[in-house]
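Analysis of the macromolecular model
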Amino acid sequence: MITKEHIDDLLSRNGNILSTDGDKIGSIGQVYTDDDSGQPTWVTAKTGLFGTSQTFVPLEGAQVRGDDVVVPYPKDLVKDAPRVDVDGHLEPAEEDRLYQHYQLSGVRTYSDAANGRDSVNPGENTGRFEGQERTGTVGRDTSGPTTDDAMTRSEERLNVGTEKQETGRVRLRKYVTTENVTQTVPVQREEVRLEREPITDANRGRAVSGQDISEEEHEVILHEERPVVEKETVPVERVRLGTETVTDEATVDEEVRKERIETDGTGETRR
C-alpha cells in the first residue's frame, strides 16, 4: 500500500510506473491525494513522445518496487483510459469516468466528491499546486468553480525529436576452413637403357680380358624425384568493422488538441 509518506520519495526518484507483467507504462508524473485523508489515490503516467501525455492510474492495490510503482492493471488498459487534463484538480465527472474505466467498486457520487482531490508537486504535500488559491477569486463561472472574467485558450503542440537506440549488433568472427589446392610440378626419374657396341680394335682388349666363358652380374642404381610439400603461414589482409551514418526520413502522425472559444448569447445587435 502506498501512503502519503511515500509521495516525496517517489517524486524525487524519477521512477517508472510498471504493470503487473513488468511492462513499463510510463514515468511517474504527479500524485493526486485525498483532501480529507491526505492519502494518495491517483498517479499520472507520462507517456507519448517526450512524456508530453499523462494518463491517470489508480493507486489502489499499487506497490512500491525500488524507484518504481507497480499497479495491478495491464498496460493496454491504462493506455485506453479517459483523457483528463492534468490541471491540479479532478472534477467529479472526470473521476467517475476513471472509476468506471478501471471498474473500481467505489465509484464516487457528486455529494462525496465535493471535497475534490488535488495533486502534489515534488517536495510539497499540500494538496494543491504552488500558488494555487481556492478562495478570493473574482468572476463567475457557470461550468464550475468561480474564476476571473477571462478564460485561457490552450492547445497542444507537437514537439518531434530523435533518440538513438540500439537496433542490432554485428560481430566480426574468424574461423578456419579447409580447401584443396592442386599444383603440378615437374619430376625426373632414371630408366634403364640397354646399350650395345660392336667389338672394335679400340675395345677389344677390354672385351677379351676375362675368361672365355663365365657368368657375371652388373647393377645400376636408379634415381627419381618426388614432390616435397611444405606449408607456411603468411598474412594476407586486415579486416575491421566500421559504421557509416545513413539519413532516412520518418513521418510522425499524432493528434493534437486545441481549445476553441466562441460566444453564445442573445445580446443586442450592434449598429
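To keep things clear, this report deals only with the structure shown in the data block. (Residues numbered from 1 in each chain as written. Predicted model: local features only at pLDDT ≥ 70, side-chain atom pairs only at ≥ 80, totals over all residues. Heavy atoms only, no water.)

**Let's talk about the pattern of salt bridges**
This model, assessed by the stated rule, comprises eight salt bridges. Among the ionic pairs, Arg 257 bridges to Asp 85, the shortest N-O distance being 3.5 Å. With Arg 257 in the segment after α4 (204-207) and Asp 85 in the loop between α2 (75-79) and β7 (89-90), the pair connects residues that are 172 residues apart, well separated along the chain. Relative accessible area serves as the criterion here: at 45%, Arg 257 is assigned to the partly exposed category. Taking the shortest distance from any N to any O, the salt bridge between Glu 156 and Arg 257 comes out at 3.0 Å. (Salt bridge = Lys/Arg side-chain N within 4 Å of Asp/Glu carboxyl O. Helix = DSSP H or I, 4+ residues; strand = E, 2+ residues; numbered from the N terminus. Buried < 20%, exposed > 50% of the residue type's maximum accessible area, 1.4 Å probe, protein only.)

**Observations concerning the nonpolar core**
Counting residues in each nonpolar core, the largest one holds 27 residues, and the members touching the most others are Trp 42, Val 57, Val 69, Val 71 and Tyr 102. Elements with a minimum of two residues in this core: α1 (7-13), β2 (24-34), β3 (40-47), β4 (53-58) and α3 (92-101). Counting residues per element, this core draws most heavily on β2, which supplies four residues. Discounting chain neighbours no more than four positions away, the residues touching Tyr 102 are Trp 42, Phe 56, Val 57, Pro 58, Tyr 73, Leu 77, Val 78 and Ala 81. (Core = buried A, V, L, I, M, F, W, Y, C linked by side-chain atoms within 4.5 Å. Contact = heavy atoms within 4.5 Å.)

**Some thoughts on a negative patch on the surface**
Negative charge collects at one region of the surface, where Asp 21, Asp 23, Asp 76 and Asp 80 lie side by side. Relative to the helices and strands, Asp 76 is located in helix α2. Classification of Asp 76 as exposed rests on a relative accessible area of 55%. (Patch = residues over 30% accessible without salt bridge, like charges linked within 9 Å, V, L, I, M, F, W, Y side chains within 5 Å. Areas by Shrake-Rupley, 256 points an atom, 1.4 Å probe, with all protein chains shown as cover. Lys, Arg positive; Asp, Glu negative; His and termini not counted. Charge placed at Lys NZ, Arg CZ, Asp CG, Glu CD.)

**Some points on the environment of Gln 39**
Structurally, the position occupied by Gln 39 is in the loop between β2 and β3. Taking the C-alpha atoms as reference points, Gln 39 and Leu 59, 20 residues apart in sequence, are found 9.8 Å from one another. Setting aside residues no more than four positions away along its own chain, Gln 39 makes contact with Ile 2, Thr 3, Lys 4, Tyr 32, Thr 33 and Asp 34.

**Quick notes on a nonpolar patch on the surface**
A cluster of nonpolar residues, Leu 158, Val 160, Val 252 and Val 256, forms a patch on the protein surface that exposes about 310 Å² of accessible area. Checked against the element boundaries, Leu 158 lands in the loop between β8 (117-120) and α4. Since its relative accessible area comes to 40%, Leu 158 is described here as partly exposed.

**Let's talk about the packing of aromatic side chains**
Using the criterion set out here, one finds five aromatic pairs in the structure. Centroid distance Trp 42 to Phe 56: 6.5 Å. Interplanar angle 80°. Geometry classified as edge-to-face. Of the two residues, Trp 42 sits in strand β3 while Phe 56 sits in strand β4, which places them 14 residues apart along the sequence. As far as burial versus exposure is concerned, Trp 42 and Phe 56 are alike and both buried. (Phe/Tyr/Trp six-rings, centres within 6.5 Å; stacked < 30°, edge-to-face > 60°.)

**Describing the pairing of β4**
Looking along a regular strand, one sees side chains alternate from face to face of the sheet. For β4, the tally of buried residues reaches five of six residues, placing the bulk of the element in the interior. Sheet topology places β3 next to β4; six bridges connect them, and they run antiparallel. Bridging from a neighbouring strand, Thr 47 pairs with Ser 53 of β4. (Pairing = 2+ DSSP bridges.)

**Quick notes on α3**
Given 3.6 residues per turn, any residue in an α-helix points the same way as the ones three and four places further on. Along α3, the positions that sit buried rather than exposed are Pro 92, Glu 94, Glu 95, Asp 96, Leu 98 and Tyr 99. Phi turns positive one or two residues past the end of α3, at Gln 103, with a value near 55°.

**Re the side chain of Asp 68**
Structurally, Asp 68 is set in strand β6 (residues 68-70). Buried charge without a salt bridge: Asp 68, with Arg 65 as the nearest opposite-charge side chain at an N-O distance of 7.3 Å. One polar contact links the side chain of Asp 68 to the main-chain amide nitrogen of Asn 16, over a distance of 2.9 Å. In this structure, Asp 68 is in contact with Gly 15, Asn 16, Leu 18 and Gln 63, ignoring residues within four places of it in sequence. (Polar contact = N/O pair within 3.5 Å; in protein donor to acceptor, adjacent residues only side chain to side chain.)

**So, the pairing of β2**
Taken across its eleven residues, β2 has nine buried, putting it largely inside the fold. With three bridges joining them, strand β1 (residues 16-18) and β2 adopt antiparallel strand pairing. Pairing of Leu 18 across the sheet is with Lys 24, part of β2. Between the antiparallel neighbours β1 and β2 lie five residues, among them Gly 22 with a positive phi of about 90°. As paired elements, β2 and β3 share five bridges and run antiparallel to each other. Bridging from a neighbouring strand, Thr 33 pairs with Pro 40 of β3. Counting the residues between successive antiparallel strands, the hairpin from β2 to β3 contains five residues, one of them, Gly 38, with a positive phi of roughly 75°.

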